[in-house]
Amino acid sequence: MKIIKCLLLFTIVSMSYKVCAINSTIKKKYPYTLLTEDYGILNENDLAVYARGKPLRPFNLENSGAYNYWQCFPREKVTVFLEDMGYSSDEL
């Protein structure tokens, strides 16, 4: 029974790793789409969806055209705050 639990846990972890991770194969397939590390939040579909039908090209700050690029940040470096503007939810 213990072996089955270990195998199940290993299978779940390995599947989840493949679902939400950008590995070296994906980075080679879409070399310019991801500007920073993905911090485990992106998958291949995230990079592929904006690259379909377009030739790949490096990021250019002055002329990126219709290309979309991903830049991710570590969760520890992101701050979310809410400023009360005096509106109620009924007014939206």
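Definitions and limits used
Residues numbered from 1 in each chain as written. Predicted model: local features only at pLDDT ≥ 70, side-chain atom pairs only at ≥ 80, totals over all residues. Heavy atoms only, no water. Helix = DSSP H or I, 4+ residues; strand = E, 2+ residues; numbered from the N terminus. Buried < 20%, exposed > 50% of the residue type's maximum accessible area, 1.4 Å probe, protein only. Contact = heavy atoms within 4.5 Å. Areas by Shrake-Rupley, 256 points an atom, 1.4 Å probe, with all protein chains shown as cover. Core = buried A, V, L, I, M, F, W, Y, C linked by side-chain atoms within 4.5 Å. Patch = residues over 30% accessible without salt bridge, like charges linked within 9 Å, V, L, I, M, F, W, Y side chains within 5 Å. Salt bridge = Lys/Arg side-chain N within 4 Å of Asp/Glu carboxyl O. Phe/Tyr/Trp six-rings, centres within 6.5 Å; stacked < 30°, edge-to-face > 60°.

1. A word on the overall build of the protein chain
Alright, step 1. Along its length, the protein chain carries 3 helices and 0 strands.
Alright, step 2. Listed N to C, the secondary structure of the protein chain is α-α-α in terms of helices and strands.
Alright, step 3. Here the protein chain holds 92 residues, and the buried ones make up 16% of them.
Alright, step 4. Within the protein chain, contacts between residues separated by at least 24 positions form 45% of all contacts whose residues are at least 6 apart in sequence.
Alright, step 5. Taken as a whole, the protein chain presents about 8,200 Å² of accessible surface, with 60% of it coming from carbon and sulfur.

2. Looking at unusual backbone geometry
Alright, step 1. A positive phi angle, close to 55°, is found at Tyr 39, a residue other than glycine.
Alright, step 2. Summarising the element assignment, Tyr 39 is placed in the loop between α2 (24–29) and α3 (44–48).
Alright, step 3. Its relative accessible area of 44% is what places Tyr 39 among the partly exposed residues.

3. Thoughts on the nonpolar core
Alright, step 1. In terms of nonpolar packing, the biggest core is built from 9 residues, these being Ile 22, Ile 26, Tyr 30, Leu 34, Leu 42, Leu 47, Ala 48, Ala 51 and Cys 72.
Alright, step 2. When neighbours within four sequence positions are excluded, Leu 34 is seen to be in contact with Ile 22, Leu 42, Leu 47, Trp 70 and Cys 72.

4. Description of a nonpolar patch on the surface
Alright, step 1. A contiguous nonpolar patch, built from Leu 35, Phe 59 and Leu 61 and spanning about 320 Å² of accessible area, is present on the exposed surface.
Alright, step 2. Residue placement: Leu 35 occurs in the loop between α2 and α3.

5. Side note on the packing of aromatic side chains
Alright, step 1. What the rule picks out here adds up to 1 aromatic pair.
Alright, step 2. Relative to Tyr 69, the ring of Phe 59 lies with its centre 5.1 Å away and its plane at 85°, an arrangement referred to as edge-to-face. Placement of the pair is Phe 59 in the segment after α3 and Tyr 69 in the segment after α3, with a sequence separation of 10 residues.
Alright, step 3. By relative accessible area, Phe 59 is classed as partly exposed at 40%.
Alright, step 4. The class of Tyr 69 is buried, set by a relative accessible area of 18%.

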